[in-house]
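Coordinate inspection notes
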Amino acid sequence: MADELDRKSAASFDLREMTQARVLLGRFGAGLPTRAAQSFLLDHARARQAVWSEVDWASVRAGLVDLKLRIVEVESQASDRATYIRRPDLGRKLSWQATERLADIRSDYDVLIVVTDGLSASAIDTNAVSLARAIVAHLSVRQLTIAPLVLASHARVALGDPIAEIAGARISIVIIGERPGLSAADSVGVYVTCSPRPGTPDSRRNCISNIRNGGLTVGSAAIGVASLVVDMLKTGISGVGLKDASMGLPRD
């Protein structure tokens, strides 16, 4: 009797309406139905395109120019996309030209924002402008000083560390295209780090991920990022220790 009720309950809703994961695909003989097989091939192609494509940096820059923040474009030591994919270590190091380009932005800032391609150009083309604008709006309301915006090509998360050190920023915010999956190729992640310096371990970073249409909204992500920044500035801590350090902080 219980089994029959469970079957009726399962039949009353469609799992496919609750997730973008590949569930209830059906079968045709020993294989998948044609629609499911073609959908898989299409999503696989989108994922590959996201990894191997280049960001439309001109469009990103145009979408951010009215924020009245200086914009600086830099690159890692990975000279092209193929090198970037195969040599993650080079994606964590600034090119010599980029280091020179950043030399005159040194000051004393609360926050530095870096937008970088990561492993999904599609994610940055689709979501980076709206996310960066929302984050800047929340930080400005809190009257925090923001360094020039940095657009970094062929970069990994850790590239934000030397940039923040050069700029003299207390907090770095790295907006990066996340590794695409077969459910989403346009997901953005944000990594927030207190006192970023070269060699900073990942355990000292806080991440908000799956920012995209169908995932975490840009508005919610921006609120979360601003909250992390405020807690880090108050405690001087980020990463795995931030939760415990912020437990006793007064809330507005």
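You'll find the structure just up there.
Described below are features of the structure shown in this document. (Residues numbered from 1 in each chain as written. Predicted model: local features only at pLDDT ≥ 70, side-chain atom pairs only at ≥ 80, totals over all residues. Heavy atoms only, no water.)

A word on the overall build of the chain. Per the secondary structure count, the chain includes nine helices and six strands. Residues counted as buried form 43% of the 252 residues belonging to the chain. Considering only residue pairs separated by 6 or more positions, the chain has 71% of its internal contacts joining residues 24 or more positions apart. Counting only carbon and sulfur atoms, one obtains 53% of the accessible surface of the chain, whose full area is about 13300 Å². (Helix = DSSP H or I, 4+ residues; strand = E, 2+ residues; numbered from the N terminus. Buried < 20%, exposed > 50% of the residue type's maximum accessible area, 1.4 Å probe, protein only. Contact = heavy atoms within 4.5 Å. Areas by Shrake-Rupley, 256 points an atom, 1.4 Å probe, with all protein chains shown as cover.)

The next thing to look at is the packing of helix α3 (residues 57-64) against helix α6 (residues 121-141). The description of two packed helices rests on the angle between their axes and on the distance between the axes. Closest axis-to-axis distance for the α3/α6 pair is 10 Å, and the angle between their directions is 20°. Relative to α6, α3 is oriented roughly parallel. Seen from above, α3 lies across α6 with right-handed handedness. When α3 is examined against α6, the residues Val60, Gly63 and Leu64 are found in contact with a partner set consisting of Ile124, Val129, Ala132 and Arg133. For the contact of α3 with α6, the class distribution of residues is five nonpolar, one polar and one charged. (Axes fitted to C-alpha atoms, helices over the stretch in contact; angles between N-to-C directions. Parallel < 35°, antiparallel > 145°, perpendicular 65-115°, else oblique. Left-handed = near helix turned anticlockwise from the far one by under 90°. Nonpolar A, V, L, I, M, F, W, Y, C, P; charged D, E, K, R; others polar.)

Moving on, we get to the nonpolar core. Ile113, Ile135, Leu139, Ile173, Ile175, Val192 and Val229 are the most contacted members of the largest nonpolar core, which has 41 residues in total. At the level of elements, α3, β2 (109-116), α6, β3 (149-153), β4 (169-177), β5 (188-194), β6 (205-211) and α8 (218-235) are the ones that each hand at least two residues to this core. Once you skip the residues sitting within four places of it in the chain, Val229 turns out to touch Val111, Leu139, Leu144, Ile171, Ile173 and Val192. (Core = buried A, V, L, I, M, F, W, Y, C linked by side-chain atoms within 4.5 Å.)

Here we come to unusual backbone geometry. Even without being a glycine, Ser195 presents a positive backbone phi close to 50°. Secondary-structure assignment places Ser195 in the loop between β5 and β6. Even without a glycine there, the phi angle at Asn210 is positive, about 60°. Within the fold, Asn210 resides in strand β6.

It is worth spelling out the pairing of β3 at this point. Buried residues dominate β3, accounting for five of its five residues. Covered by surrounding structure in β3 are Leu149, Leu151 and Ser153 together with Val150 and Ala152, the residues of both alternating faces. As paired elements, strand β1 (residues 71-75) and β3 share five bridges and run parallel to each other. Following the sheet pairing, Val72 is matched in β3 by Val150. Two elements, β2 and β3, share three bridges in a ladder whose sense is parallel. What sits directly across from Val115, in β3, is Leu151. For the handedness criterion, the β-α-β arrangement of β2, α6 and β3 is classed as right-handed. (Pairing = 2+ DSSP bridges. Right-handed = clockwise from strand over helix to strand, strands pointing away.)

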